[in-house]
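The residues making up each chain are set out below.
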Amino acid sequence: MTPPPRRTRSRAVVALLRDAARIDRSQSDPVVALRNAVGVAAPLAIGVLLGSATIGLPSTIGALQTAFADRPGPYRLRVVRMVGTATVAAITSGLAVLASTSDVGSAALLLVLGFGAGLLLGAGPSATQVGTAAVATALVLGHLPQPPSVAVHVGLLVLLGGVGQTVLAVLGWPLGRHRPERLALAALYRELARAARVPAGTSEPPPTGDVLTATRQTLYGLGHDHGPSVEAYRVLLDEGERIRRETVVIAAAAERLADDRNPILAGFVREASTASAAVLDEIADALVAGREVTDRVLDRARATIRFAITRLENDDAPGEPTRRAAASRLRALSGQLRAAVDSTRTGAGEGRSGQQGRRGVSLRTRIAELRYALTPSPAVRLHAVRVAVLVAGSDLVTRLAGFERGYWVSLTVLVVLRPDFGSTLQRSTMRVAGTVVGLLIASELVHWIPGGQWWNVALILIFAFGMRFAGPTNVAPSAISLSALVVVLLAVDGVAPHETLVDRSVATLIGGALAVLAALLLPAWERQFLPGRMAALLRAYRDYLAALADPQADRAALGARRTAARMARTEAQASVDRAEAEPVPARSAIELGRSVLANSHRIVHAELTYDALRGGIAESGGVPELKAFLDDAVRALDITQAAVAAGRAPGSVPRLRRRYDALVEAVDTSPDRVGGPEAATTLEEATDRITDGIDTLVSTLRRELSVPDDEVALPSDA
């Protein structure tokens, strides 16, 4: 395998900034942006009607912070997330007003809040937003000239603005109770359709992994709904996972047919896969619209699949086992498409009748999940210390120095500082650039438009829409709109726009520089954590294979292992990318990480193939040699993951090739015990890939870690 070309540090930084500047429109939702903008502007409009827009400023701040928590997910979860954010923001804003008369008291409050916000980064985006809202509202409202006696009043106004934003976010609940679930499934089925049209090779990660994880979280995570429709959506999720596995197997079968000089038959298999993509797209469209799938699309696809099966079974070309294996998997895919289409009929009910479902996950399980999420890693703990010291310290310095609106230094640090250097540099650069552009735009607009409070309300509506439409991943466009929004808000409070332009630009530049400097002086280099992430990836794949080898493992256990493997792969890939962007030597760690990823892709593709065969093999009785092979493969992955975690080459490993040869002999002798000749061919191909993937991984680890490759292997019967 040819290693990727090496990049210099300067080129890595340039690539990092280029990635940050790339526009991601996947999270740009005009409906969400419009309702959030209305929620932000409404308190000011009410204030204008009451005589002064400044009356609505605290509520606008609460609505602004709560808007960031308005993200996809079940309505119940959205309410919990948004009301929780508003409540925390209200409490911290009241505390900030109480402490505002004391510089030391304000700094102490921010020190505690900053440390908590830093820790919450490791608990996911929802918790991160709560922490950010807590610190941001305390910073802004703690600097406004208000007596401590109004602390409760200010907190209630902040809460009112957040609750109003929440009400706008869930107005559609009675009309489309399960719309978030349907949209998540639609995204999954579109990805499945894309994978069916353009199959991924075994050198790439299995398709749709991240989308599948996000969809499962929506349907089973905190705040999930219940009822027949949701149960139908969960069936669709399960069918989607099965279709994903069949797609992987069918793509491998088409490759084998092409390699066996059967290009025509390989073309029929690919045409059948493409036909299934049309059904998957139709299911996605039906989920978005909340309707049933039309049978016409399904009938056409199944006719194409039947024709391909007929040609595979009747053709006299060589490679009969592969042809029959491909036909068997296409039959399974046809049945799964029919089951998925049938499930849309129940799901289209949208909870309008008899939606009484099963009980959710127990409170004890939820508490255990929360405790796990809030257990910070060393990198997160260091990040929490950096956030606390920089936010509180910079705020104290700007207070003592009399820097007007110096809290923007602390706010910039809060939103751009991340545990790793690469993300911090990206966010700092894009934030500074977006802020300057936004300030210039808003200053000109405020200068040229007619005066009046209603004009300010209109500008705030426009800029709030732009900020939310940009989406959280597009830091620069979001910063442009947010900066412009701040100019107008301060103009409402009596601050001249030209003063805001200079103060905010300088403060943002200082805050961004402090964040990057902190990432350099108090580093949590990703290279330190890269071996652990790679070991976690191999451990997740080992656990998945162990569950597949366990005849007692049920569907829930296998699903949990698959999800864990997908999440570990996502984190491992992100870890390699972050390490490559760091301005420190880490080439050996990066190359090791890429080698582990490349070889593990082949292993997990094979595991997914065996997952698709597992039920039929169990019903046919199986062969003892298969269990012996899988057990040795699990032991080999155990050894490799321990070696990667310890930074040493793996020692003796089981001789998988000998186990594989024994398995092939047993399967060829009794193919009916593993589901028939076609299943036997697919099983042999999958176990061969597992063997080759693990053997290559062991060899690569020994080479990368400078250990001879001819070390004696552990006997397979040891």
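Structural data are supplied above this passage.
Quantities reported herein were computed from a predicted structural model and do not represent experimental measurements.

S.K.: How do you make sense of the overall build of the protein when you look at a structure like this?
M.R.: Helix and strand content of the protein: 26 helices and zero strands. Relative to its 718 residues, the protein shows a buried fraction of 53%. Looking at the protein alone, contacts between residues at least 24 apart form 81% of all its contacts between residues at least 6 apart. A total of about 30,100 Å² of accessible surface is found on the protein, and carbon and sulfur atoms cover 61% of it.

S.K.: I would appreciate a short explanation of the layout of surface pockets in the present structure.
M.R.: By rolling a water-sized probe across the atoms, one finds the places where empty space is left. In this structure, the second largest pocket spans a volume of roughly 510 Å³. Contributing to the lining of the second largest pocket are 24 residues, with His143, Leu144, Pro145, Gln146 and Asp493 lying nearest its centre. Of all the secondary structure elements, the ones that give two or more residues to the lining of the second largest pocket are helix H3 (57-67), helix H7 (151-169) and helix H15 (378-401). Grouping the amino acids of the lining of the second largest pocket by side-chain chemistry returns 12 nonpolar, eight polar and four charged.

S.K.: Please clarify how the pattern of salt bridges should be interpreted in this entry.
M.R.: It is possible for side chains of opposite charge to pair when their charged atoms get near one another. Summed over the entire model, instances satisfying the criterion amount to 16 salt bridges. As a salt-bridge pair, Arg194 and Glu191 come within 2.3 Å of each other at their nearest N and O atoms. Taken together, the positions of Arg194 and Glu191, both in helix H8 (residues 179-197) and three residues apart, correspond to about one turn of that helix. A relative accessible area of 26% places Glu191 in the partly exposed class. A salt bridge links Asp631 to Lys627, with the shortest nitrogen-to-oxygen separation between them at 2.9 Å. Of this pair, Asp631 and Lys627 both sit in helix H24 (residues 624-646), four residues apart, which is roughly one turn of the helix. Judged by relative accessible area, which is 37%, Lys627 ranks as partly exposed.

S.K.: Just checking my understanding: could you explain the packing of aromatic side chains for this structure?
M.R.: Each aromatic ring pair is summarised here by two numbers: the centre-to-centre distance and the angle between the ring planes. In the structure shown here, the tally under the stated rule is three aromatic pairs. Ring centres of Tyr407 and Trp408 lie 5.5 Å apart, and the angle between their planes is 40°; this geometry places the pair in the tilted category. This pair shows no difference in class: Tyr407 is buried, exactly as Trp408 is. Ring centres of Phe465 and Phe469 lie 5.7 Å apart, and the angle between their planes is 5°; on these two criteria the pair is classed as stacked. Of this pair, Phe465 and Phe469 both sit in helix H18 (residues 453-470), four residues apart, which is roughly one turn of the helix. For Phe465, a relative accessible area of 29% corresponds to the partly exposed category.

S.K.: Can you help me understand the side chain of Ser410 in this one?
M.R.: Among the structural elements, Ser410 can be located in helix H16 (residues 407-416). Apart from residues no more than four positions distant in its own chain, Ser410 is found in contact with Leu139, Val391, Ser394 and Asp395.

S.K.: How do you make sense of the packing of helix H21 (residues 526-549) against H24 when you look at a structure like this?
M.R.: How two helices sit against one another is set out by the angle between their axes and by the gap between those axes. Put simply, H21 and H24 touch, their axes get as near as 8 Å, and they point 165° apart. The orientation of H21 relative to H24 falls into the category roughly antiparallel. Of the two possible hands of crossing, H21 and H24 adopt the one that is left-handed. Residues Pro531, Met534, Ala535, Leu538, Arg539, Tyr541, Arg542, Leu545, Ala546 and Ala549 of H21 touch H24, and the partners they reach there are Lys627, Leu630, Asp631, Ala633, Val634, Leu637, Asp638, Thr640, Gln641, Val644 and Ala645. Partitioned by chemical class, the residues of the contact of H21 with H24 number 14 nonpolar, two polar and five charged.

S.K.: Would you explain helix H19 (residues 475-492) in this entry?
M.R.: One full turn of an α-helix is made of 3.6 residues, so residues set three or four places apart face in the same direction. Here H19 contains 18 residues, and its C-alpha end-to-end distance of 25 Å stays within 8% of the 26 Å for a straight helix at 1.5 Å per residue. The element H19 is largely enclosed, with a buried count of 15 among its 18 residues.

S.K.: Help me out: how do you make sense of the environment of Tyr407 in this one?
M.R.: Tracing the chain through its elements places Tyr407 in helix H16. In this structure Tyr407 comes out as buried when scored by relative accessible area, which is 5%. If we ignore the near neighbours within four places in the chain, the residues touching Tyr407 are Leu139, Val140, His143, Asp395 and Leu490.

S.K.: It is not clear to me how the packing of H3 against H7 should be interpreted in this structure. Could you clarify?
M.R.: Two elements in contact, H3 and H7, have axes separated by 7 Å at closest approach and are oriented at 45°. Taken together, the axis directions place H3 and H7 in an arrangement best described as oblique. Note on packing geometry: the crossing formed by H3 with H7 is right-handed. Listed contacts from H7 to Pro58, Ser59, Gly62, Ala63, Thr66 and Ala67 of H3 are Val154, Leu157, Val158, Leu160, Gly161, Gly162, Gln165 and Thr166. Its residues assigned to classes, the contact of H3 with H7 shows seven nonpolar, seven polar and no charged.

S.K.: Quick question: what am I supposed to make of a nonpolar patch on the surface here?
M.R.: Together, Leu111, Phe115, Val385 and Val389 give the surface a local cluster of nonpolar side chains, amounting to about 320 Å² of exposed area. When residues of the nonpolar patch are traced back to their parent elements, those giving at least two are helix H5 (103-120) and H15. Its place among the elements puts Val385 in helix H15.

S.K.: Would you mind showing me how to read the side chain of Asp632 here?
M.R.: Looking at the secondary structure, you find Asp632 in helix H24. The exposure class assigned to Asp632 is buried, which follows from its relative accessible area of 3%. A polar side-chain atom of Asp632 sits 3.0 Å from a polar atom in the side chain of Arg635.

The rules behind each value
Residues numbered from 1 in each chain as written. Predicted model: local features only at pLDDT ≥ 70, side-chain atom pairs only at ≥ 80, totals over all residues. Heavy atoms only, no water. Helix = DSSP H or I, 4+ residues; strand = E, 2+ residues; numbered from the N terminus. Buried < 20%, exposed > 50% of the residue type's maximum accessible area, 1.4 Å probe, protein only. Contact = heavy atoms within 4.5 Å. Areas by Shrake-Rupley, 256 points an atom, 1.4 Å probe, with all protein chains shown as cover. 1 Å grid on protein atoms, 1.4 Å probe; cavity = no way out; pocket = protein on both sides within 12 Å on 5 of 7 lines; lining within 4 Å. Points joined across faces, edges and corners; volume = space filled by probe spheres on them. Nonpolar A, V, L, I, M, F, W, Y, C, P; charged D, E, K, R; others polar. Salt bridge = Lys/Arg side-chain N within 4 Å of Asp/Glu carboxyl O. Phe/Tyr/Trp six-rings, centres within 6.5 Å; stacked < 30°, edge-to-face > 60°. Axes fitted to C-alpha atoms, helices over the stretch in contact; angles between N-to-C directions. Parallel < 35°, antiparallel > 145°, perpendicular 65-115°, else oblique. Left-handed = near helix turned anticlockwise from the far one by under 90°. Expected span 1.5 Å × (residues − 1). Patch = residues over 30% accessible without salt bridge, like charges linked within 9 Å, V, L, I, M, F, W, Y side chains within 5 Å. Polar contact = N/O pair within 3.5 Å; in protein donor to acceptor, adjacent residues only side chain to side chain.

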